[in-house]
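# Structural description and commentary
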Amino acid sequence: MRGKFLKVAVAATATAMLATACGGGGDDNDDSAGQSGGTLRVYNSEPAFLTPSGGDDEPSLYVIRSLYRGLVKYNAESSAVEMDLAESIESDDQKLWTIKLKSGYTFDNGEPVNADSFIRSWNFAAYSPNGQNNGYFMKRIAGIKDVQSTDPDGDGPQKAPEPAAKELSGLKKVDDTTFTVELEAPFSGFPTTVGYPGFFPMAEACVADILACSEKPIGNGPYKMDGSWQRNVAINLVRSDSWNGEPGKPDRIEYRIFADIDAGYAAFQAGELDVLYTVPPARYKEAKATYGDRMHEQPGDSFTYVGMPVYQDNFKDKRVRQALSLSIDRQSIIDAVFDGRFTPATGFVAPTFEGARNDVCKYCTKDVEKAKQLLAEAGGWPAGEKLILWANAGAGHDQWLQAVGDQIKEALGIDYELRVNLQFAEYLETADQKKFTGGFRLGWGPDYPFMETYLYPLYGTGAGSNNSGYSNPEFDAAMKEGDSADSIQAAIPSYQKAEDFVGEDLPVIPMWFNKVGALYSENVDQFVWNAVSDADYAAISLKQN
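Since we're looking at a predicted model, the values are computed, not measured.

## Quick look at the overall build of the protein chain
From N to C terminus, the protein chain includes 15 helices and 23 strands. Its C-alpha atoms give the protein chain a radius of gyration of 23 Å, within 12% of the compact-globule value 24 Å for 545 residues. Considering only C-alpha atoms, the protein chain reaches an extent of 65 × 55 × 45 Å along its principal axes. Across the 545 residues of the protein chain, 58% fall into the buried class. Residue pairs at least 24 apart in sequence account for 70% of intrachain contacts in the protein chain once pairs closer than 6 positions are excluded. Accessible surface, the protein chain: about 20,800 Å² in total, of which carbon and sulfur atoms supply 46%.

## Structural notes on the sheet that holds strand E7 (residues 96-101)
Whenever strands of a sheet pair, they do so through backbone hydrogen bonds, lying parallel or antiparallel. Strand order across the open sheet formed by 4 strands is E6-E7-E9-E8, with antiparallel pairing between neighbours. Each edge of the open sheet is held by one strand with a lone partner, namely strand E6 (86-91) and strand E8 (171-175). Each strand of the sheet is rotated relative to its neighbour by a mean of 20 degrees, with strand direction disregarded. Looking at chain direction, E8 and strand E9 (residues 178-182) are connected through 4 bridges and run antiparallel. Across the sheet, lysine 173 pairs through a bridge with phenylalanine 179, a residue of E9.

## Overview of unusual backbone geometry
Glycine aside, the phi torsion of most residues is negative, and most peptide linkages are trans. Phi is positive for asparagine 232, which is not a glycine, with a value near 60 degrees. For asparagine 232, the location among the structural elements is in the loop between strand E10 (223-225) and strand E11 (234-239). The exposed category is assigned to asparagine 232, whose relative accessible area is 52%.

## Observations concerning the nonpolar core
Trp122 and Tyr537 are the most contacted members of the largest nonpolar core, which has 171 residues in total. Of all the elements, strand E19 (residues 508-520) adds the most residues to this core, at 9 residues. If we ignore the near neighbours within four places in the chain, the residues touching tryptophan 122 are Leu71, Ile99, Met138, Ile141, Leu168, Leu171, Phe179, Val181, Phe190, Val194, Phe199 and Phe200.

## Digging into the state of the cysteines
Applying the stated criterion across every chain yields a total of 2 disulfides. Note on cysteine connectivity: cysteine 206 is disulfide-linked to cysteine 213, with sulfurs 2.0 Å apart. Taking the torsion about the sulfur-sulfur bond, which here is approximately -100 degrees, the covalent link between cysteine 206 and cysteine 213 counts as left-handed. On the accessibility criterion, cysteine 206 (0% relative accessible area) is buried.

## With respect to the environment of aspartate 251
Here aspartate 251 lies in the loop between E11 and strand E12 (252-257). Along the sequence, aspartate 251 and leucine 40 sit 211 residues apart, while their C-alpha atoms lie 8.0 Å from each other. Setting aside anything within four residues of it in sequence, one finds aspartate 251 in contact with Gly37, Gly38, Tyr223, Leu237, Val238 and Arg239.

## As for the domain arrangement of the protein chain
Under the domain assignment used here, the protein chain contains domain 1 (39-274 + 521-542) and domain 2 (301-514). The C-alpha centroid of domain 2 is placed 27 Å from the C-alpha centroid of domain 1. Listed by partner, the interface residues are 24 residues for domain 1 and 28 residues for domain 2. Around 2,000 Å² of area is buried between domain 1 and domain 2 when both sides are counted, 57% of it from carbon and sulfur atoms. On the domain 1 side of the contact with domain 2, Tyr136, Ser188 and Val532 bury the most area, a combined 23% of that side's loss.

## A word on the pattern of salt bridges
As a working rule, side chains carrying opposite charge can pair if their charged atoms are close by. By the definition in use, this model includes 26 salt bridges. A salt bridge links arginine 319 to aspartate 317; the shortest N-O distance between them is 2.8 Å. In this structure aspartate 317 comes out as partly exposed when scored by relative accessible area, which is 24%. The partner of glutamate 417 in a salt bridge is arginine 419, with the nearest N and O atoms 3.2 Å apart. When its relative accessible area of 29% is taken as the criterion, arginine 419 is described as partly exposed. Each of Asp226, Arg252, Glu254 and Arg256 takes part in one network of salt bridges that share partners.

Conventions we followed
Residues numbered from 1 in each chain as written. Predicted model: local features only at pLDDT ≥ 70, side-chain atom pairs only at ≥ 80, totals over all residues. Heavy atoms only, no water. Helix = DSSP H or I, 4+ residues; strand = E, 2+ residues; numbered from the N terminus. Rg over C-alpha atoms; globule rule 2.2 N^0.38 Å. Buried < 20%, exposed > 50% of the residue type's maximum accessible area, 1.4 Å probe, protein only. Contact = heavy atoms within 4.5 Å. Areas by Shrake-Rupley, 256 points an atom, 1.4 Å probe, with all protein chains shown as cover. Pairing = 2+ DSSP bridges. Axes fitted to C-alpha atoms, helices over the stretch in contact; angles between N-to-C directions. Core = buried A, V, L, I, M, F, W, Y, C linked by side-chain atoms within 4.5 Å. Disulfide = S-S within 2.5 Å. Domains from an automatic or database assignment. Buried area = accessible area lost by both parts, 1.4 Å probe. Salt bridge = Lys/Arg side-chain N within 4 Å of Asp/Glu carboxyl O.

Below, the structure is given as structure tokens:
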């Protein structure tokens with residue numbers, strides 16, 4: 001269901017997406033402010049990192065967003081960009097941006113949240129020897145090439161040379177609460193992107209010992225750590241007494257870590273959790289019947305795809321990728337596994353986003369004859385060689401990925417093998433190192449509310465989440481053209497042109513866009529779902545009597 005169209009002015013730019021209905025469900029309580037206090041117990045899987053520069057996976061971001069705050073935030077109901085720690089973000093030419101900070105904010109250790117803290121964090125993320133996952137978000141800042149270098153032989157014996165510089169030349173401190181950001185080229189969407197946690201500040205003590213800071217973060221947000229990260233068990237937060245912004249609703253948030261979603265669902269049934277942000281596909285009907293209004297549902301923006309390792313010989317010919325995609329009946333899998341809840345993907349941008357189009361992918365409707373023809377033209381599939389299909393363990397992906405394998409086998413005669421043995425952190429590492437030997441399941445949610453977030457990070461040459469290894473100069477040029485447009489709205493035709501290249505080349509096989517199905521317990525007073533950042537734990541209130 002589409003919501004109303006939004007236009008949100010932010011300094012010299014604007015961002016827009018089609019808003020979906022957002023959280024805010026509670027039981028019978030009309031108090032929109034909700035009650036404060038109590039302990040909120042939430043499901044999580046094991047994060048990879050708990051620092052803004054390193055955490056880019058869903059489990060990490062769920063924790064980081066409670067511990068840290070950045071320049072802007074996204075309105076839960078409208079996705080509008082709102083100033084958070086920034087007083088203003090302005091530019092006359094969309095290339096040189098001046099950021100003025102609100103004063104009076106500190107980290108949990110007493111260090112000030114000032115211009116230095118943002119410059120420090122962004123420099124640390126960008127400097128390639130630091131190996132931070134969110135470093136690629138700094139790609140538009142002037143001087144990025146000087147702080148990065150490439151290992152000439154991958155995992156081979158040679159080492160990447162020392163970068164020419166340790167700091168981005170485009171970051172300049174004006175005073176304690178003001179700094180400027182010079183981009184390599186104009187980018188109208190810059191103020192919208194900086195709400196992503198990769199742009200959050202870090203304390204000097206954190207950067208000095210990043211590993212220790214990941215185990216026990218030094219945040220600047222509404223919550224702080226209560227003890228250290230208990231690996232594979234729990235991460236406990238308490239309300240921070242140094243936070244000067246709007247306080248979080250619960251006194252305490254306990255992230256309880258589970259190896260798989262089925263165990264999390266069992267814990268919710270047993271009354272051990274207050275929020276389960278997703279449910280096992282096989283338990284959806286049961287959960288809906290059991291919990292009724294305490295299942296929060298709305299059209300989602302999460303994109304599920306089967307990545308194609310174009311760095312592997314078997315997948316280099318796009319006709320092979322097209323043939324595999326043409327072999328799949330997405331709706332039948334959605335009906336059989338997900339009770340028809342999801343929307344088959346025929347494009348690469350969520351339908352809730354401005355600029356999204358249907359039928360961008362011409363190879364996403366099942367057509368066995370055409371699939372056979374394309375595979376034959378590509379020289380066929382190697383005789384006797386199985387198609388390997390990868391997914392992370394414990395997340396309920398086995399059933400639908402098996403259906404994908406069955407349909408490909410039936411259509412093209414290619415036998416397959418599922419590999420669903422890696423926990424998520426190890427799975428992501430395998431993706432980053434481009435070690436998948438066949439199609440791999442991954443999902444993508446927006447980092448910020450405009451369509452570029454679905455394109456460059458996944459398909460841009462060298463982009464951090466481009467796990468397929470795809471590179472197309474025409475795609476890169478179209479994205480660059482969009483970035484330099486006068487506004488986000490003016491950029492859309494260029495971004496759509498870039499999406500068309502992806503639709504033809506298929507570095508990933510689009511599967512579907514999700515529908516949110518989150519459960520909350522009878523203890524919850526007000527449940528809040530943010531259309532960009534999902535369950536908003538700091539805003540969820542608990543009944544106090």
